[in-house]
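Architecture and fold: a report
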Amino acid sequence: MKLGIVGLPNVGKSTLFNSLTKAGAESENYPFCTIDPNVGVVTVPDDRLQVLSKISKTKKIIPAVIEFVDIAGLVKGASKGEGLGNQFLANIREVDAIVHVVRCFEDPNVIHVEGSIDPLRDIETINLELIFSDIEVLDRRKQRVARGAKNDKDLAKELKFIEKLIEFLEEDNLAINYPTEDEEEIEYLKEFNLLTYKPVVFAANVTEDDLANDGIDNKYVASVREYAEKTNSKVFVISAQIEQEISELDEEEKRLFLDELGIEKSGLEKLITASYDLLGLMSFLTTGEQETRAWTIKKGTKAPQAAGKIHSDIERGFIRAEVVSYDDLVACGSMVAAKEKGLVRSEGKEYVMQDGDVVLFRFNV
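These lines cover the structure that appears in this document, whether it is placed above or below. (Residues numbered from 1 in each chain as written. Predicted model: local features only at pLDDT ≥ 70, side-chain atom pairs only at ≥ 80, totals over all residues. Heavy atoms only, no water.)

Along the backbone of the protein chain there are 15 helices and 12 strands. With respect to the three principal axes, the spread of C-alpha positions in the protein chain is 65 × 65 × 35 Å. Among the 365 residues that make up the protein chain, the fraction classed as buried is 50%. For the protein chain, contacts bridging at least 24 residues in sequence account for 68% of all contacts bridging at least 6. Of the accessible surface of the protein chain, which amounts to about 18400 Å², a share of 47% is contributed by carbon and sulfur atoms. Separation of charge centres in the protein chain, based on 45 positive and 66 negative side chains, amounts to 7 Å. (Helix = DSSP H or I, 4+ residues; strand = E, 2+ residues; numbered from the N terminus. Buried < 20%, exposed > 50% of the residue type's maximum accessible area, 1.4 Å probe, protein only. Contact = heavy atoms within 4.5 Å. Areas by Shrake-Rupley, 256 points an atom, 1.4 Å probe, with all protein chains shown as cover. Lys, Arg positive; Asp, Glu negative; His and termini not counted. Charge placed at Lys NZ, Arg CZ, Asp CG, Glu CD.)

Following this line, the structure appears as structure tokens:
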């Protein structure tokens, strides 16, 4: 999974990126500090891997990973070359979802580019820059397609759709809200790789005081939640400053620190939960003496396609999947005991994978 982090300057974007990835991007208190896109890879916390590792006496544990791309703070006019934002928008065209960091705290020591705190205005500013960037991409594609549209029915159809979509975006709409049930149009939307067609998770950045009660008393967070509900987005409340402090602690210290603050999950855990939920993702597990590993797949994936995540040969030569639920395996204490109790099932090509399935794929190539 690949997530792109966007936001205005000084909303806590690079501080959050640093704490999530410990990659050390600069985060000074002025705009345009992050000059090159920063990329960091983090592992997805999954306690099940440690438990399975003990059962299988595994030599190596490999968790699922998320790649974060952090770009320079965007300002009004970024898509037209203002600031340094526009040149980096291309870097997030390949992500699965966008994490939009929104400032929901007052602090006279941290300047705001607009001079006041207003999350909805900030969201609108970023949305407009993403819309303008998408229109630019579509305009270029339109010129290419138009050249062959006179003699090609498919290109003529695409050209007509591009023109409708540009018109829709020019009315300050996001591509993800384009009203269509036409399968061909939906395929075009996927293919165009538009920024405003990507699902969004809002990171509401608050102070330590607002973190413990999940921002319930924070009017700015309330407005972001209301907006997200209307747009089918997700929201999680985070304190970039606290995340930075947490990132410097080991696991035990981190847990104690979170307990002291009255917080159940770190910001990274909240973000992963929101992102998996938004994108409809889950994990299946494999375990053995060599390695115990988590694999990320879409909900609804069938066994052969899940096998293909491991290797294309396994999908091609798929025979069956030997499956046991994580809870059953842990309750039995070993794969042998689970088999004896008849809890290890043999599943075929139509089996739909479930979160927490522990699988051994049988194949022949």
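Its boundaries defined by the atoms lining it, the largest pocket holds a volume of some 950 Å³. Lining the largest pocket are 35 residues, with Thr43, Val44, Pro45, Asp46 and Glu269 sitting closest to its centre. Elements supplying a minimum of two residues to the lining of the largest pocket: helix H1 (13-21), strand E2 (38-43), helix H2 (47-56), helix H9 (240-247), helix H10 (251-261), helix H11 (267-279) and strand E8 (281-287). Take the lining of the largest pocket: its biggest share by element is 5 residues, from H11. Considering only residue class, the lining of the largest pocket consists of 15 nonpolar, 8 polar and 12 charged. (1 Å grid on protein atoms, 1.4 Å probe; cavity = no way out; pocket = protein on both sides within 12 Å on 5 of 7 lines; lining within 4 Å. Points joined across faces, edges and corners; volume = space filled by probe spheres on them. Nonpolar A, V, L, I, M, F, W, Y, C, P; charged D, E, K, R; others polar.)

Turning to helix H12 (residues 303-310), its buried residues number three or more, namely Ala303, Pro304, Ala306 and Ala307. The buried residues of H12 occupy one face: seen down the axis, they fall within an arc of 160 degrees. Tucked into the core, H12 has its buried residues touching E8, strand E9 (291-298), helix H13 (312-316), strand E10 (318-325) and strand E12 (357-363). (Arc of directions from axis to C-beta.)

In this section: empty space enclosed by the protein. Tallied over the full model, the rule gives 1 cavity of 30 Å³ or more. Computed from the structure, the largest cavity encloses a volume of approximately 30 Å³. The wall of the largest cavity is formed by Leu211, Val237, Glu243, Ile246, Leu258, Ile263, Lys265, Ser266, Gly267 and Lys270. When contributions to the lining of the largest cavity are tallied by element, the ones reaching two or more residues are H9 and H11. When the residues that make up the lining of the largest cavity are grouped by side-chain class, the tally is 5 nonpolar, 2 polar and 3 charged.

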